[in-house]
Number of protein chains: 2
Amino acid sequence: MLKDLPRYECLLEAAREFPDLDPTAAEAYLHLLRTADDVFAISDAQLAAHGISHGRFGVLMLLWRTSAPRTGDVPITQGPCGPRTPAELADAAGVTRATMTGLVDTLERDGFVVREPDPSDRRMLLVRLTRKGENFLARFLPIHFRYAREVMGALSEAERKTLVRLLGKVQQQTARHPLSRSAPVAKSA
Amino acid sequence: MLKDLPRYECLLEAAREFPDLDPTAAEAYLHLLRTADDVFAISDAQLAAHGISHGRFGVLMLLWRTSAPRTGDVPITQGPCGPRTPAELADAAGVTRATMTGLVDTLERDGFVVREPDPSDRRMLLVRLTRKGENFLARFLPIHFRYAREVMGALSEAERKTLVRLLGKVQQQTARHPLSRSAPVAKSA
DNA sequence: AGAAATTCGTTAGGAAGCTAACTTTCAGCT
DNA sequence: AGCTGAAAGTTAGCTTCCTAACGAATTTCT
């Protein structure tokens, strides 16, 4: 990611040579990527300070509340309140199953989750948050939420709404793109 | 990056348990990261289709116009119109010098840039775009600009301006953060 | 019932980023 | 002049992601 964005005048100048270059579009495009990268980098640093990566944190979030509402040692099978198998987790997190194997590996090594065999299908596993994993989230989530509140504190409620609306439009546009992950081109039968 | 964002009602519900959780802040935060990731992923796929990575593309962009205005074989040393040494490139691209070594390695292997010794300081090198590198940019940049125009086509000119303004506020907020890359905490003397 | 196709989780190998340590070269002091 | 410190570029090793291929288990189709 480029650290220093080209200034708007430079875009105007380059637009004379490239008819496809729309200065305001390029400006918005670059600002979007740059800002998100800044926000992301700080979050990443916070997570790293707590010894966890973004990928692993995402998995914990997906498992969150999967086991929390149960007080006793009731098996995981009750209540479909979140993804549980590695394949479901991979799909929800937007990574490959192979990557999820590695994420769950380290989470299990650190004691945040456990793998259990699925009683009904011996191909599958069930990933469950341990007490230690829950405790970690209970400790870390306030930090995370505080950060989100802090970074968005620059915006009023109305501005946040506007931002979400505009981002939603952009996101819809990406979903229409042929190279989009959410709308990959289906092969013709 | 999580593929499916939590719905707003879920945030409201979780906010009852976590006083630090500001629902509208979390919503804007998640949308920002998610949208930028979608936009980025498509751009990445476009670059990959042309056999180049985002990191390498960034380097080419930094070198762009460094050599273009010269018609003959005038040496690079004339005109300070862009970063040239690996260290400058690394700083401008926001990566480490070690990473820049790898990026320039592959760019040089593919014939897009060349390394030349700096005549005035034998520690340094000068990285220069080759004709092949220029040709690649001339071919690819229109695609890239078209994509930026397309993805931002969902927004009116006024909306783009608003988006840039709101993102600017968020970015300023991140710059103030202690873990920010742009404002790392200086050790007290 | 049994062959074929699919799905599961995993392994192996690659790309791109990082940090830490290194060599070479230069700049600043005495 | 000569030592010390800093900077340039590189290397080595780590992390996290990916794709491709695999064996085991299940489902589907005759």
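Details of the structure are given in the entry above.
Each value, and the rule that gives it
Residues numbered from 1 in each chain as written. Chains lettered and ligands numbered in written order. Predicted model: local features only at pLDDT ≥ 70, side-chain atom pairs only at ≥ 80, totals over all residues. Heavy atoms only, no water. Helix = DSSP H or I, 4+ residues; strand = E, 2+ residues; numbered from the N terminus. Buried < 20%, exposed > 50% of the residue type's maximum accessible area, 1.4 Å probe, protein only. Contact = heavy atoms within 4.5 Å. Buried area = accessible area lost by both parts, 1.4 Å probe. Salt bridge = Lys/Arg side-chain N within 4 Å of Asp/Glu carboxyl O. Core = buried A, V, L, I, M, F, W, Y, C linked by side-chain atoms within 4.5 Å.

Chemist: Break down the overall build of chain A for me, with residues and values.
Modeler: For chain A, the helix and strand inventory stands at seven helices and two strands. Overall, chain A shows an N-to-C arrangement of helices and strands of α-α-α-α-α-β-β-α-α. For chain A, with 189 residues in total, the buried portion stands at 46%. Partitioning the intrachain contacts of chain A with sequence separation of at least 6 by distance along the chain shows that 47% fall at a separation of at least 24.

Chemist: Before we move on, can you summarise the interface of chain A and chain B with the specific residues and values?
Modeler: With 71 residues of chain A at the contact, the number on the chain B side is 71 residues. Buried surface at the junction of chain A and chain B, summed over both partners, amounts to about 7,100 Å²; 67% is from carbon and sulfur atoms. Of all residues in chain A, the largest losses of buried area upon contact with chain B belong to A:Phe18, A:Asp20 and A:Tyr29, amounting jointly to 10% of the total for that side. For the interface between chain A and chain B, the tally reads ten salt bridges. Taking the shortest distance from any N to any O, the salt bridge between A:Arg165 and B:Glu159 comes out at 3.5 Å.

Chemist: Residues and numbers for the environment of B:Ala93, please.
Modeler: All names here are of chain B. Note that alanine 93 resides in helix H4 (residues 86–93). Assessed through its relative accessible area of 8%, alanine 93 is described here as buried. With 34 residues separating them in the primary sequence, alanine 93 and valine 59 have C-alpha atoms 7.1 Å apart.

Chemist: Can you lay out the nonpolar core for me, pointing to particular residues and giving the numbers?
Modeler: By size, the foremost hydrophobic cluster in this structure holds 36 residues, and its most contacted members are A:Leu32, A:Met152, A:Leu163, B:Leu32, B:Met152 and B:Leu163. Only helix H2 (23–49), helix H6 (131–151) and helix H7 (157–175) of chain A together with helix H2 (23–49), helix H6 (131–151) and helix H7 (157–176) of chain B provide two or more residues apiece to this core. Excluding anything up to four places from it in sequence, A:Leu32 contacts A:Leu167, A:Val170, B:Leu32, B:Thr35, B:Ala36, B:Val39, B:Met152 and B:Leu167.

Don't take any of this as a statement about function, it's just geometry.
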